[in-house]
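Residue strings, one per chain:
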Amino acid sequence: MANELFCMGCMQPISEFSESCYHCGYPAAGQNPAGYLPVRTQLSNRYVVGRALEKRSDAIVYIGYDKTARNTVLIREFFPEGLCERLSKQVIASVGKEKDFADMLDKFRKQTRIIARMRDLPAMIPVYDLFDENGTMYTEGTGIAINRVTVLRARAFDQSGML
């Protein structure tokens, strides 16, 4: 990825002269909304964060790129609605919600470790890496048809008016 440009919407190679991605239509200069990690954020000296795909009650899911394995991944950031906020890239518990945030993070961590052990089940999106950074926890997983799935999710997310 060092010498190639990648679309932050689908992680496919693009030309430096492209205004948008040929594969998914994501703008070359596209950014995530305020409150999300910026595209091209580096995590764990290994992952590059791309477009936000989904906001759940407990997490934000991004498309990403694993520079070590050289493949597209899903990055899930623990970011429980109403319990935290973002200052730059740092996630901090909301005032008065510190204990709730810590308790939920602990449950998220335990649940994710259980899911990681079940990664060989065909119905699961496997979790291959878990790490703490920016005051929160991240998981990395991948799927068989991740590019098609993430592009479809991103389009549905756009149409819902959220991104």
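To be clear, the structure that these remarks concern was listed above.
In every chain, residue numbers begin from 1 and rise along the written sequence. Reporting of local features is limited, given that this is a predicted model, to residues whose pLDDT is at least 70; pairs of side-chain atoms are given and counted only at 80 or more, and all residues count toward the totals for whole chains, interfaces and linings. Computation of side-chain values: all heavy atoms of the structure, hydrogens and water removed.

K.L.:
Which residues make up the packing of aromatic side chains, and what values do they have?
P.N.:
Any two of the Phe, Tyr and Trp rings considered here, Trp counted by its six-membered ring, make a pair once their centres fall within 6.5 Å; the pair's planes then place it as stacked at under 30 degrees, edge-to-face at over 60, or tilted in between. Counted under the stated rule, the structure contains 5 aromatic pairs. Seen in terms of ring centroids, Tyr47 and Phe131 are 5.6 Å apart; in terms of plane orientation they differ by 10°. Their pairing is stacked. Of this pair, Tyr47 sits in strand β4 (residues 47-55) while Phe131 is found in strand β9 (residues 127-133), placing the two residues 84 residues apart along the sequence. Each of the two residues, Tyr47 as well as Phe131, counts as buried. Runs of E in the DSSP output that reach at least two residues are strands. Runs of H or I that reach at least four are helices, and both are numbered from the N terminus. Buried means the residue's accessible area, taken with a 1.4 Å probe over protein chains only, is under 20% of the maximum for its type, while exposed means over 50%, and partly exposed covers the values in between.

K.L.:
How would you summarise the environment of Asp132 if you had to cite specific residues and measurements?
P.N.:
Within the fold, Asp132 resides in strand β9. According to the relative accessible area criterion, Asp132 is exposed, its value standing at 52%. Residues Asp132 and Leu43 lie 89 residues apart in sequence; the distance between their C-alpha atoms is 9.5 Å. Once residues within four sequence positions are removed from consideration, Asp132 is found in contact with Arg109 and Met137. Within 3.5 Å is the distance limit for a polar contact, defined as a pair of N or O atoms, with the added protein rule that one can donate a hydrogen and the other accept it, and that residues adjacent in sequence qualify only through two side-chain atoms. Reaching out from Asp132, the side chain makes a polar contact with the side chain of Arg109 at a distance of 2.6 Å. By definition, residues are in contact when any of their heavy atoms lie within 4.5 Å.

K.L.:
Can you explain the pattern of salt bridges? Please cite residues and give values.
P.N.:
Note on definitions: salt bridges are taken to be side-chain nitrogens of Lys or Arg within 4 Å of carboxyl oxygens of Asp or Glu. The tally for this structure, following the rule as stated, stands at 7 salt bridges. With a closest N to O distance of 2.8 Å, Lys99 and Asp103 form a salt bridge. Of the two residues, Lys99 and Asp103 both sit in helix α1 (residues 98-117), 4 residues apart, roughly one turn of that helix. Since its relative accessible area comes to 58%, Lys99 is described here as exposed. In this structure, the salt-bridge partner of Asp132 is Arg109, at a minimum N-O distance of 2.6 Å. Pair noted here: Asp132 is in strand β9 and Arg109 is in helix α1, with a separation of 23 residues, a long-range link.

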